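# Topology and contacts: notes
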Amino acid sequence: MIKGFIFDLDGVITDTAELHYKAWKNLADEMGWDFDYEINDKLRGISRMDSIKVILDHNQASLNEETLAELATKKNDIYVASLDEMTSEDYLPGAKELLTHLRTEGFNVALGSASKNAIKVLQQLNANMYFDVIGDGNSVSKSKPEPDIFLYGSEKMKLQPDECIVFEDAESGIDAAKAGGFYSVGIGPKERVGHADLRFDSMAEATLFEIKSHFKELFS
Ligand code: BG6
Ligand code: MG
């Protein structure tokens, strides 16, 4: 039976992909690196340091770890400053409604984000009250596609993975949910999250009614 839900943050609850894009693009332009939306999409769900390595590989460049860390910090400073503009109006359509519905029905809810800035994003959105557990980029060391962040959430909720549904917009996030034995809902195109148990183009379609209809036998 489903007793809990674990939500990714970026791309599921709010659309930070554009802000991440602008911050990486700013750094890439300064470094003379090629960077576009296609590569940005590959960074969904993966950690900051893994992201800079993907960008570097794409540019067939190499730098030592120390320089990489400095550049990743530079990108992060730009990204964090851009979060100041985010408000409680910036939920993706449907996200707030679903979170509210889960609260009224008494489900356990955890955040399972790779971001080290998740606390700030939740504050900007005024979303803390929707979560019993907050798992972010500081909670575990192995990032998606490893299942650790979702296992952290289910353990804190005292639930088994097969009692939880994970919501994800990233290919690596669905991989992580599957690796951990969770049910998964993918938000986005087939090419990215088509391997999820259930997929919606956007959060606006992901109502509790639709979810219960699909996973009928898992709800009492
Ligand atoms: C994920 C995003 O949620 O967090 C990734 O989808 C991002 O694009 C990752 O790289 C890490 O975020 P941060 O805020 O710690 O740099
Ligand atoms: Mg995401």
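The structure under discussion appears in the preceding block.
Residues numbered from 1 in each chain as written. Chains lettered and ligands numbered in written order. Predicted model: local features only at pLDDT ≥ 70, side-chain atom pairs only at ≥ 80, totals over all residues. Heavy atoms only, no water.

### Observations concerning the overall build of the protein
Selection rule: In this description a helix means any DSSP run of H or I spanning at least four residues, a strand means any run of E spanning at least two, and both kinds are numbered starting from the N terminus. For the radius of gyration, the atom set is restricted to C-alpha positions; the globular benchmark scales as 2.2 Å times the number of residues to the power 0.38. Buried means the residue's accessible area, taken with a 1.4 Å probe over protein chains only, is under 20% of the maximum for its type, while exposed means over 50%, and partly exposed covers the values in between.
Each helix and strand counted, the protein has 10 helices and 6 strands in total. The C-alpha radius of gyration computed for the protein amounts to 17 Å, which stays within 12% of the reference 17 Å derived for 220 residues, consistent with globular compactness. Each principal axis of the C-alpha atoms in the protein carries an extent, and together these give about 55 × 35 × 30 Å. Sorting the 220 residues of the protein into buried and exposed places 48% on the buried side.

### Concerning the site of ligand 1
Definition in use: Here a residue counts as near a molecule or strand whenever at least one of its heavy atoms sits within 4 Å of it. For the purposes of these results, a polar contact is taken to be a pair of N or O atoms within 3.5 Å, where, inside protein, one atom must be able to donate a hydrogen and its partner to accept one; residues adjacent in sequence count only when each atom of the pair is a side-chain atom. Accessible surface is estimated by sampling points in the Shrake-Rupley manner with a 1.4 Å probe; for residues, cover comes only from the protein chains shown. Note that Gly is not counted as nonpolar here; it falls among the polar residues with everything else outside the nonpolar set of Ala, Val, Leu, Ile, Met, Phe, Trp, Tyr, Cys and Pro and the charged set of Asp, Glu, Lys and Arg.
Contacts to ligand 1 come from 15 residues, most closely from Asp 10, Ile 46, Ser 115, Lys 116 and Asn 117. In this structure, Leu 43 approaches ligand 1 through a main-chain N or O atom, which is 3.0 Å from an oxygen atom. For ligand 1, the accessible surface in isolation is 400 Å², of which the surrounding protein chains cover 97%. Tallied by class, the residues present in the shell around ligand 1 amount to 4 nonpolar, 7 polar and 4 charged.

### Quick word on the coordination of the magnesium ion (ligand 2)
What counts here: Only nitrogen, oxygen and sulfur atoms count as donors, using a 2.8 Å cut-off from the metal that widens to 3.2 Å for Na, K and Ca. Water is left out, so coordination shells may look unfilled.
Binding of the magnesium ion (ligand 2) to the protein goes through Asp 8 (OD), Asp 10 (O) and Asp 169 (OD), at separations of 2.0 to 2.1 Å. Sequence positions of the residues that donate to the magnesium ion (ligand 2) give the spacing D-x1-D-x158-D. With Asp 10 in the loop between strand E1 (4–7) and helix H1 (17–31) and Asp 169 in the loop between strand E4 (164–168) and helix H8 (171–180), this residue pair connects regions lying 159 residues apart in the sequence. For the pair Asp 10 and Asp 169, a shared accessibility class is recorded, and that class is buried.

### Structural notes on helix H5 (residues 95–104)
Which entries qualify depends on this criterion: The arc in question is traced by the directions running from the helix axis to the C-beta atoms.
Here H5 has its buried residues at Ala 95, Leu 98, Leu 99 and Leu 102. Along the long axis of H5, the arc covered by the buried residues comes to 100 degrees, so they all point the same way. In this structure, H5 carries Glu 97 and Thr 104 as exposed residues pointing more than 90 degrees from its buried face. Once H5 finishes, Gly 106 follows within two positions and takes phi at roughly 80 degrees, a positive value.

### Quick word on the nonpolar core
How we decide: As used in this record, nonpolar core signifies buried Ala, Val, Leu, Ile, Met, Phe, Trp, Tyr and Cys residues forming a set joined through side-chain atoms within 4.5 Å. We call two residues in contact whenever any of their non-hydrogen atoms come within 4.5 Å of each other.
Counting 38 residues, the largest nonpolar core has Phe 5, Phe 7, Ile 13, Phe 131 and Phe 167 as its most contacted members. Ignoring any residue separated from it by four or fewer positions in sequence, one finds Phe 5 in contact with Leu 102, Phe 107, Asn 108, Val 109, Ala 110, Met 157, Ile 165, Phe 167, Leu 208, Ile 211 and Phe 219.

### Side note on the sheet that holds E1
Our working definition: Two strands are said to pair when DSSP picks up at least two bridges between them. Fitted lines through C-alpha atoms serve as axes, helices being fitted only where they are in contact, and the angles separating the N-to-C directions of these axes extend from 0 to 180 degrees.
Strand order in the open sheet made by the 6 strands is E3-E2-E1-E4-E5-E6, with parallel pairing throughout. Each edge of the open sheet carries a strand with a single partner, namely strand E3 (133–135) and strand E6 (198–200). Going from strand to strand, the sheet's axes swing by 20 degrees on average, the running direction of each strand aside. Sheet analysis places strand E2 (residues 108–112) next to E3, joined by 3 bridges and oriented parallel.

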